[in-house]
Amino acid sequence: MQEPWNMIGLRVLLVKNSIHEAGIYDNKVEKLFSVAIFFIFFLYFFNGGYSKELEHLIGLVYLILLIFFNFSTIYKVKNIMVLSLFFVIWGIYLFINNKLDFLNVTIIYQMLIMLFIFECKFKVIKIKYIKLFLYAITIILTFQFILNSSGNKHALNAIDPNISGGIMLLFFFLSYKIKYNLGILLSFFIILMLLSRNYFFSIIIFYLIVFGKPYITRLLAFFQLNSFLRLVILFISFSIVVSFIFLANVTKYKEAGSSSRLLTVSDSGNKQRFVTNAMQAIHFIENPKDLLFGIGNYKEFQKEFSKVIVHNSYLMFVSKYGLLLLIIYTIFVNINFNNVLFYDNLEYIVSYLFFCSFLNDFYIGIHFLIFLTIIFLIPTYNRNTYNEF
């Protein structure tokens, strides 16, 4: 006679508890967890932004692995409450927009993945062969650039230099956190290949904070900007104001293909991006319902609205899901940052939020999950902890 599924689940739980009590769980499973996380990194950088379908598959792998490794975790009440509120607002969003599709479902399993990342019992990834993964990723990224080079244009599998810049920024974060010098040097070299201004300025901001962290921290505290939520509000405001300022001042001459492109914002491509961002902001002012609950079918709207997609992750989030979900989503991240975690990762947070201000879809989806994994699950390199096993 076949055993009921709930009895099978009970047996799994009992076996897991007995393993944990025997002391095997903390050692073997923790190593397996480390390997699983770096396998996700491997898939992400191997994809190189090429396939959205593969990104969704990586998201599902994330979810399955983190459910397994967090099987017996008791979750914080505040996280469950915020997540429940998110589901309620998401239900209202679906009712208003009268549409349920794969895009809408992915944000739900992303929120669950974020919950598992925040609540993960293995807060420090320890893996003896961590750099072997990064050596492999370095080779993969190098080959992607070689294979996707055409004249003066270089990119990863994503083809788009700006998306490639975002992926390389995350690779730089990972390399810097564990002091993988070859990866850091590759990240610098790629600046000259991609000619992505967003990537270039994000790296500069990163090092400005590294070298001036005590002063910048005091400055942020003085202006009450010492939290993730407040920094997001700052960068949303900053990116919209910048769009309107440059809308009136950016000229329209053809882009240069040389390194001088890194130091100028005055070209036709930027002009169109600033126009699109500004017009999107104006649309939300004129249409409060779209501001609060999203546009619904954004792709159809974008075809009529502009030839260029919105180059702002925050505006894109609001366009797809609405301001209410953006607020709850950001609060969900914010409540899981304690003061120490926020201070230790300030350079990563500010640099990444700046990057999100000038490119779409990096404040949601697989890119943001990789960012959170680096922040919450990868420790800053320390020789004593690195050599622990």
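Residues numbered from 1 in each chain as written. Predicted model: local features only at pLDDT ≥ 70, side-chain atom pairs only at ≥ 80, totals over all residues. Heavy atoms only, no water.

**Student:** Which residues make up the overall build of the protein, and what are the values?
**Tutor:** For the protein, the count of helices and strands is 19 helices and zero strands. Counting only residues that meet the buried cut, the protein has 51% of its 389 residues in that class. Expressed as a percentage of contacts within the protein between residues at least 6 apart in sequence, the contacts between residues at least 24 apart total 77%. As displayed, the protein offers around 18800 Å² of accessible surface, 69% of which is attributable to carbon and sulfur atoms. (Helix = DSSP H or I, 4+ residues; strand = E, 2+ residues; numbered from the N terminus. Buried < 20%, exposed > 50% of the residue type's maximum accessible area, 1.4 Å probe, protein only. Contact = heavy atoms within 4.5 Å. Areas by Shrake-Rupley, 256 points an atom, 1.4 Å probe, with all protein chains shown as cover.)

**Student:** Describe the packing of aromatic side chains, naming the residues involved and giving the relevant values.
**Tutor:** This structure, assessed with the given rule, holds 44 aromatic pairs. Ring geometry for Phe172 versus Tyr207: centroids 5.9 Å apart, planes at 55°, classification tilted. Taken together, the residues Phe172 in helix 7 (residues 161–177) and Tyr207 in helix 9 (residues 197–222) connect sequence positions 35 residues apart. Each member of the pair, Phe172 as well as Tyr207, carries the same accessibility label: buried. In this structure, Lys177 packs its charged tip against the face of Tyr348, placed 5.6 Å from the ring centre. The ring of Tyr176 has Lys179 sitting right over it, with the charged end atom 4.3 Å from the ring centre. (Phe/Tyr/Trp six-rings, centres within 6.5 Å; stacked < 30°, edge-to-face > 60°. Lys NZ or Arg CZ within 6 Å of the ring centre and 35° of its normal.)

**Student:** I'd like a rundown of the pattern of salt bridges, residues and numbers included.
**Tutor:** Scanning the entire structure with this criterion turns up three salt bridges. Taking the shortest distance from any N to any O, the salt bridge between Asp361 and Lys320 comes out at 3.1 Å. Separated by 41 residues along the polypeptide, Asp361 in the loop between helix 17 (346–356) and helix 18 (366–377) and Lys320 in helix 14 (residues 313–321) bring together distant segments of the chain. (Salt bridge = Lys/Arg side-chain N within 4 Å of Asp/Glu carboxyl O.)

**Student:** So what about the environment of Ala36? Which residues, and what values?
**Tutor:** Tracing the backbone shows Ala36 in helix 2 (residues 24–47). Given a relative accessible area of 10%, Ala36 falls into the buried group. On a C-alpha basis, the gap between Ala36 and Leu66 in space is 9.2 Å, while along the polypeptide they are 30 residues apart. Not counting residues within four places of it along the chain, the set of residues in contact with Ala36 comprises Leu65 and Phe69.

**Student:** Lay out the packing of helix 3 (residues 52–69) against helix 18 with the relevant residues and their values.
**Tutor:** Contact pair helix 3 / helix 18: the axes reach a minimum separation of 10 Å and the direction vectors enclose 40°. In terms of axis orientation, helix 3 runs oblique to helix 18. In this structure, helix 3 uses Glu55, Ile58, Gly59 and Tyr62 to contact helix 18, whose residues at the interface are Ile366, His367, Leu369, Ile370 and Thr373. Of the residues that constitute the contact of helix 3 with helix 18, the class distribution is five nonpolar, three polar and one charged. (Axes fitted to C-alpha atoms, helices over the stretch in contact; angles between N-to-C directions. Parallel < 35°, antiparallel > 145°, perpendicular 65-115°, else oblique. Nonpolar A, V, L, I, M, F, W, Y, C, P; charged D, E, K, R; others polar.)

**Student:** Outline the side chain of His311, listing residues and values.
**Tutor:** Take His311: it is sitting in the loop between helix 13 (298–305) and helix 14. Exposure remark for His311: the relative accessible area of 10% places this residue in the buried category. Ignoring sequence-local partners within four residues, the contact set of His311 consists of Arg273, Asn277, Ser357, Phe358, Leu359 and Asn360.

**Student:** How would you sum up the packing of helix 17 against helix 18? Please name residues and give values.
**Tutor:** The geometry of helix 17 relative to helix 18 is characterised by a closest axis approach of 11 Å and an angle of 170° between their N-to-C directions. With respect to their mutual orientation, helix 17 and helix 18 come out roughly antiparallel. Across from Tyr348, Ile349 and Tyr352 in helix 17, the residues of helix 18 making contact are His367, Phe368, Phe371 and Ile375. Taken together, the residues that form the contact of helix 17 with helix 18 break down as six nonpolar, one polar and no charged.

**Student:** Tell me about the confidence of the model for the protein, residues and numbers included.
**Tutor:** Considering every residue of the protein, the mean pLDDT works out to 80; 77% of them sit at 70 or more. Mean pLDDT across the elements of the protein ranges from a minimum in helix 1 (residues 5–21), with 39, to a maximum in helix 17, with 97. Throughout residues 1–25 the model reports pLDDT below 50, and contacts reaching past four residues in sequence, or to other chains, amount to 16 contacts. Between residues 383–389, whose pLDDT stays under 50, and residues either more than four places distant or in other chains, the model counts nine contacts. (pLDDT = per-residue confidence, 0-100.)

**Student:** Can you explain unusual backbone geometry? Please cite residues and give values.
**Tutor:** Leaving glycine out, the prevailing phi sign among residues is negative, and the prevailing peptide bond configuration is trans. Unusually for a residue other than glycine, Leu195 sits at a positive phi of about 55°. By relative accessible area, which is 8% here, Leu195 ends up buried. Here Gln224, not a glycine, exhibits a phi torsion of approximately 60°, which is positive. Among the structural elements, Gln224 can be located in the loop between helix 9 and helix 10 (228–249).

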